[in-house]
Amino acid sequence: CNMSRRVKFGWRSEWLPWRRFRVVKVESVVSRNPKVMNGALVFEGTRVPVEILIQHLAADDSLDDFLDNFPTVTREQAVAYLEMTPEAVDALAAR
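What this report covers is the structure whose coordinates are included nearby. Each residue is numbered by its place in its chain's sequence as written, counting from 1. pLDDT decides what is reported in this predicted model: residues at 70 or higher carry local features, side-chain atom pairs at 80 or more are listed and counted, and totals for whole chains, interfaces and linings draw on all residues regardless. The side-chain values count all of the structure's non-hydrogen atoms but skip hydrogen atoms and water molecules.

### Focus on the overall build of the protein
Now for step 1: Helix and strand assignments come from DSSP, with helices taken as H or I runs of at least 4 residues and strands as E runs of at least 2, each series counted from the N terminus. Along the backbone of the protein there are 4 helices and 4 strands.
Now for step 2: Its helices and strands in sequence order give the protein the pattern β-β-β-β-α-α-α-α, from N to C terminus.
Now for step 3: Within the protein, buried positions represent 33% of all 95 residues.
Now for step 4: Across the protein, every contact between residues at least 6 apart in sequence was considered, and the portion connecting residues at least 24 apart equals 41%.
Now for step 5: Just so you have it, the protein exposes about 6200 Å², and 54% of that area is on carbon and sulfur atoms. Note on classification: 1.4 Å probe, protein chains only; a residue is buried when its accessible area is under 20% of the maximum for its type, exposed when over 50%, partly exposed between these limits. A contact between two residues is defined here by any heavy atoms of the two lying within 4.5 Å. Accessible surface is estimated by sampling points in the Shrake-Rupley manner with a 1.4 Å probe; for residues, cover comes only from the protein chains shown.

### Comments concerning the environment of I54
Now for step 1: Residue position: I54 is located in helix α1 (residues 50–58).
Now for step 2: Sequence spacing of I54 and F66 is 12 residues, and the spatial spacing of their C-alpha atoms is 9.6 Å.
Now for step 3: Every residue in contact with I54, bar those within four places of it in the chain, is listed here: Y81 and L82.

### Points about the nonpolar core
Now for step 1: V30, F43, L53, L63, F66, V73 and Y81 are the most contacted members of the largest nonpolar core, which has 18 residues in total.
Now for step 2: Elements that contribute at least two residues to this core include exactly α1, α2 (63–69) and α3 (75–83).
Now for step 3: Ranked by residues supplied to this core, first place goes to α3 with 5 residues. Nonpolar core, defined: a set of buried Ala, Val, Leu, Ile, Met, Phe, Trp, Tyr and Cys residues in which side-chain atoms within 4.5 Å join the residues together.

### Considerations on α1
Now for step 1: Within the span of α1, buried status applies to V50, L53, H56 and L57. The buried residues of α1 occupy an angular sector of 115° when the element is viewed end-on, so they sit on one face.
Now for step 2: In the stretch just after α1, D60 is the one whose phi turns positive, near 70°. Note that the arc is defined by the directions from the helix axis to the C-beta atoms.

### Describing the packing of aromatic side chains
Now for step 1: When the centres of two rings from Phe, Tyr and Trp lie within 6.5 Å, Trp using its six-membered ring, the rings pair. Their planes under 30 degrees apart give stacked, over 60 give edge-to-face, and anything left gives tilted. In total, this model carries 3 aromatic pairs according to the counting rule given.
Now for step 2: Here the aromatic cluster, defined as three or more aromatic residues joined through ring pairs, consists of F43, F66, F70 and Y81.

### Points about the side chain of T46
Now for step 1: Relative to the helices and strands, T46 is located in the loop between β4 (42–43) and α1.
Now for step 2: Distance and chemistry together define a polar contact, namely a pair of N or O atoms within 3.5 Å, with one atom able to donate a hydrogen and the other to accept it when in protein, and with adjacent residues in sequence counting only for side-chain atoms on both sides. A polar side-chain atom of T46 sits 3.0 Å from the main-chain amide nitrogen of V48.

Written out as structure tokens, the structure reads:
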């Protein structure tokens, strides 16, 4: 079931794809390794810190702008990261 939903980023919002009952393993979205980017939380299989995505969105860039600038990050990874609960992100950051 392909649909969209509006997700709020600070004071602006953007339409993101949404699939009902989609299950994504956290390990396929982000990873942390002391030997990669000094242990920063990065998108799995890349050297792109997730913080860069947040900075782009805070600067009012679209998700497409971010993905154009960082082609190693997939749309699915970026959307899945944005849909993660703060608790899940905090647990990953503590690893």
